[in-house]
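Geometric and topological summary
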Amino acid sequence: MAKFARNSLQWNAAIKTFISVLLAGIMTLVVSSYLLYTHLDPDSSEFFEILTYYALAGVVLLIFAALFAMSHYQALARPLENFERITHALPLLSAKKYNEARQIFETVQGDKRLKEVGELQAASIQLSNVLEQLDGNVNQRTKMLHTTNTELRGERDFVKNLLDTAQLIILTIDEEFKVTMFNDYGEKITGFSEKEVLLSDAARFFPAGNWIEAETFFRELFAGNIQIAQQESELIDREGRIRQISWLHSRLENNAQHPVLMSVGLDMTDKKEAEKRIVWMAEHDPLTDLCNRRKFIEEFEKSLRTAIRYKHNNALLYLDLDQFKDINDTSGHSAGDELLKEVAKTLKRVTRFTDLVARLGGDEFAVLMPETDEVGAVVLTKKIQAELQKIQLEYGNVKHKISSSIGIVNYPVHDASIHELMGFSDLAMYKAKSAGKNTYHIFSADDQTREQLETRVFWKHKIEDALENNLFVLHYQPILNIENNVIQHYEVLIRMREPGSGQIRMPGKFIEIAEQVGLIQSIDHFVIQQGIKHLSRLQKQGLKVKFAINLSGSVVDAPVLLPFLKRLLKKYELDPSGLIFEVTETAAVSNLQQAKLMMTAVKALGCQFSLDDFGVGFASFNYMRQLPIDIIKIDGIFIKDLDKNADDQLFVKALIDVAKGLGKKTIAEFVENKDILTLLRQYGVDYAQGYHIGRPEPKIHDDQNWQPPEDDIPMQIKIKQDSGSAS
């Protein structure tokens, strides 16, 4: 087809040339013949000769025109062939076959007479080069775009996975408060699918009250007035459960025209529940679920203030179970726990919903009755005692019944504080207990408790004065290491010094009163601080000495002991391995779980624990196993006649064998003569304490090597007057 087209072009050009030459020649002949015709005679011979010449000229003209047309035909052959090659090569450029097209372009031979062909050749070659370069650039850009697209897709997937796996509710909100993005964790927490949430109102995630606050934040963020906002809100999920969400709202600049908000929500439900549980545990007795002493004191203070302000009559019932210790000793601690739970259930059942029931410790309970008089208090008291008598606990083959002694105090009473009111109720309860089982007594300042009350108030003021004016002093009683006859261990004992005479008062005079009026904790803190201060000085002097400090029963569930102790250890830079805390068996057993927790926490600081007055309960061996103690201090009642009483000897030997089996050290107190010390050495007791070893003194011994006295010191003390309770 291209060949035919080329030939047609050549023939058309040749024919046009032929006709043009022929017409030009004919016109010349016609004009010349006309001129001759006007001057010659048609009949003359010259006319016929000239006509012959014109005929010959016409033939020559025809031949010349044909030759000229053929020449023109040949002249167009090569340029048209070059044009044909270029025309055939151009489609190769669209097929991106640039090398093949250039090879064809380069085979085109130029013609000096037709420079256009050369220009077309050069332009075609340049076009192929430009197209090839452009194609290369396009391919490079395409690869770059593909790489960038792959990277962006990876980043998008990473961000999406990050948003979906983050343990946070994440959503974005447009200016119409519509949700535009919702992550997988949000679906998991709320129960709503992404399809349900997208383009729905963000208000669905906020209750009405919280939405007003959230909407205000959103408007301020969109307006650019604030950059970030924090909000605590509830969220109701698909199942209707209420979740506590902590939201953080911030503005994201998507572009200048369409900013969005991102809200990130942290599910605080479990944490809030745990916090509530911790607060609840701090205020309640774990065994009975009743309020503990700490919560009771707090509520008692509020009740007293309200009663004084509005002149209301309230009542306090102080309840103590009769002979509860016998149940613990005969059937064990588990039986006692079950009985305490039943008592707690009964008290909650029979009291009014406005009454506050608390377990103060051991077998002691209290009931606060707002808005009641003496008659109402007596009615409830009788009801409590009647219901408690119905409780029967079968433990093994033993059936236990319960009764209670209750002290009643109607308050306010003049300007009495809660501790004084507690003391009044305690006096009334003991008054009831002294009258027999299952009785009650109403406190009155005019009854026979008046003398006891005056004594209590007298000592209360003396204790407060001693604490304020530093009238308490510490004495140190040596404890002998029986194996090597060395004294490196002392029990810290408290004394009260009279400000005028300087007379020393023994702790038996004021410790019990301090416990009753709520000052025992202050005494505990004084002894702990002064003891640690003195021990720190001795350690810095290079002396290896240990101090045993008594803790009262009130510190077992007191939350302030541990932080107080940590502060002192840090302040005085004390090595805690030199510190031993003594807790009486009675105090530890009265709240066994709290005692275990407290001991474990204190031992974690590096201190040790000793169980004092050990052996007085039938379940003592069980407590030895349960409590995290290091030292067993055998009650002096089994030691003071050890050299004379065979039963005491059997008991002490058995106790020592059990203690050794459990890896505990043993201390025998009230060692008053060398015969007792000799027996203790034979039994394998680790330490001995008593007047035969040394009396309590204001200073420790200069010589750690113990020398036995020449004569036995006669026993002249009452049990636990020097080495008991918090002192």
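Residues numbered from 1 in each chain as written. Predicted model: local features only at pLDDT ≥ 70, side-chain atom pairs only at ≥ 80, totals over all residues. Heavy atoms only, no water.

With that settled, consider the overall build of the protein chain. The number of helices and strands found in the protein chain is 22 helices and 21 strands. Out of the 727 residues belonging to the protein chain, those deemed buried represent 45%. Taking as baseline every contact in the protein chain between residues at least 6 positions apart, the subset at least 24 positions apart corresponds to 64%. (Helix = DSSP H or I, 4+ residues; strand = E, 2+ residues; numbered from the N terminus. Buried < 20%, exposed > 50% of the residue type's maximum accessible area, 1.4 Å probe, protein only. Contact = heavy atoms within 4.5 Å.)

In this structure, I523, I528, L579, F581 and L680 are the most contacted members of the largest nonpolar core, which totals 77 residues. The leading source of residues in this core is helix α16 (residues 520-540), at eight residues. Discounting residues that sit within four places of it in the chain, L579 has contacts with I532, L535, F547, I549, L565, L569, L574, C607 and Q608. L340, A344, V350 and I406 belong to the second largest nonpolar core, which has 28 residues in total. (Core = buried A, V, L, I, M, F, W, Y, C linked by side-chain atoms within 4.5 Å.)

On to the confidence of the model for the protein chain, then. On average, residues of the protein chain carry a pLDDT of 83, and 86% of them reach 70 or more. Considering only residues more than four positions removed or in separate chains, one finds that residues 1-6, a stretch of pLDDT under 50, has six contacts. Confidence drops under pLDDT 50 across residues 713-727; counting only partners more than four residues distant or on other chains, this segment forms 49 contacts. (pLDDT = per-residue confidence, 0-100.)

Using the criterion set out here, one finds 18 aromatic pairs in the structure. Between F581 and F609 the ring centres are 6.0 Å apart and the planes differ by 40°, which places this aromatic pair in the tilted class. In this pair, F581 sits in strand β17 (residues 579-584) while F609 sits in strand β18 (residues 608-614), placing the two residues 28 residues apart along the sequence. We classify F581 as buried; its relative accessible area is 1%. Sitting above the plane of the Y691 ring, R695 keeps its charged end 4.0 Å from the centroid. (Phe/Tyr/Trp six-rings, centres within 6.5 Å; stacked < 30°, edge-to-face > 60°. Lys NZ or Arg CZ within 6 Å of the ring centre and 35° of its normal.)

Okay, the sheet that holds strand β8 (residues 364-369) next. Taken in spatial order, the five strands line up as β7-β8-β6-β11-β12 in an open sheet, and their pairing is mixed. For this open sheet the edge positions go to β7 (356-361) and β12 (440-442), each flanked by a neighbour on one side alone. When strand polarity is set aside, the average angle formed by the axes of neighbouring strands in this sheet is 20°. Here β7 runs beside β8; their pairing, made up of five bridges, is antiparallel. Paired with G361 across the bridge in β8 is E364. Its contacts with the sheet place helix α12 (residues 374-389) against β6 (314-321), β8, β11 (404-411) and β12, and it is angled at close to 165° to β11. (Pairing = 2+ DSSP bridges. Axes fitted to C-alpha atoms, helices over the stretch in contact; angles between N-to-C directions.)

Alternating residues of strand β19 (residues 631-634) divide into I631 and K633 and I632 and I634, and every residue in both groups is buried. Bridge analysis of β19 against strand β20 (residues 665-668) gives four bridges, and the strand direction is parallel. Following the sheet pairing, K633 is matched in β20 by I667. As a crossover connection, the stretch from β19 through helix α21 (residues 646-661) into β20 is right-handed. (Right-handed = clockwise from strand over helix to strand, strands pointing away.)

Here five strands make up an open sheet; going across it, the order is β2-β1-β5-β4-β3 and the pairing antiparallel. Because the sheet does not close on itself, it has two edges, and the strands there are β2 (179-182) and β3 (228-236). The mean inter-strand angle of the sheet, taken between neighbouring strand axes irrespective of direction, is 25°. Two strands pair when backbone bridges link them, and strand β1 (residues 169-173) and strand β5 (residues 260-267) are joined in this way by five bridges, in the antiparallel orientation. Along β5, the bridge assignment pairs I173 with L261. Packed on one face of the sheet, helix α7 (residues 208-223) meets β1, β3, β4 (242-252) and β5 and runs near 150° to β3.

The next point concerns unusual backbone geometry. For the bond running from Y411 to P412, omega is 10°, close enough to zero to count as cis. With respect to the helices, strands and loops of the structure, P412 is situated in the loop between β11 and α13 (418-434). In this structure, F177 is a non-glycine residue whose phi angle is positive, near 65°. Checked against the element boundaries, F177 lands in the loop between β1 and β2. Look at F177 and you get buried, because its relative accessible area is 10%. Phi is positive for E573, which is not a glycine, with a value near 50°. Tracing the chain through its elements places E573 in the loop between α17 (561-572) and β17.

Moving on, we come to α13. Across its 17 residues, α13 extends 24 Å between first and last C-alpha, which sits within 8% of the 24 Å expected from 1.5 Å per residue. Within α13, twelve of the 17 residues are buried, leaving the element largely enclosed by the surrounding structure. Turning to α13, its buried residues number three or more, namely I418, E420, L421, M422, G423, F424, S425, D426, L427, A428, M429 and A432. Following α13 by one or two positions, G436 has its phi on the positive side, about 125°. (Expected span 1.5 Å × (residues − 1).)

On the surface, W11, I15, I19, L23, I26, V30 and M70 cluster together into a nonpolar patch covering about 630 Å² of accessible area. Position of I26 relative to the elements: it lies in helix α1 (residues 2-39). Owing to a relative accessible area of 38%, I26 belongs among the partly exposed residues under this scheme. (Patch = residues over 30% accessible without salt bridge, like charges linked within 9 Å, V, L, I, M, F, W, Y side chains within 5 Å. Areas by Shrake-Rupley, 256 points an atom, 1.4 Å probe, with all protein chains shown as cover. Salt bridge = Lys/Arg side-chain N within 4 Å of Asp/Glu carboxyl O.)

Further remarks concern the packing of α17 against helix α19 (residues 592-603). Packing of α17 against α19 brings their axes to within 10 Å, and their N-to-C directions diverge by 15°. Taken as axis vectors, α17 and α19 run roughly parallel relative to one another. As for the relative orientation of α17 and α19, their crossing is right-handed in sense. Here α17 contributes L561, L562 and L565 to the contact with α19, which in turn contributes M598, A601 and V602. (Parallel < 35°, antiparallel > 145°, perpendicular 65-115°, else oblique. Left-handed = near helix turned anticlockwise from the far one by under 90°.)

Quick look at the pairing of β17 now. For β17, a buried count of six out of six residues is recorded, marking the element as mostly surrounded by other parts of the structure. A two-sided burial pattern is seen for β17, the buried positions comprising L579, F581 and V583 on one face and I580, E582 and T584 on the other. In this structure, strand β16 (residues 546-551) lies alongside β17, joined through five bridges in parallel fashion. Bridging across to β17, I549 finds its partner in F581.

A few words on the environment of K544. In this structure, K544 sits in the loop between α16 and β16. When the C-alpha positions of K544 and G578 are compared, they lie 7.9 Å apart, and in sequence the two are 34 residues distant. Ignoring anything within four residues of it in the chain, the contact list for K544 reads Q488 and Q704.

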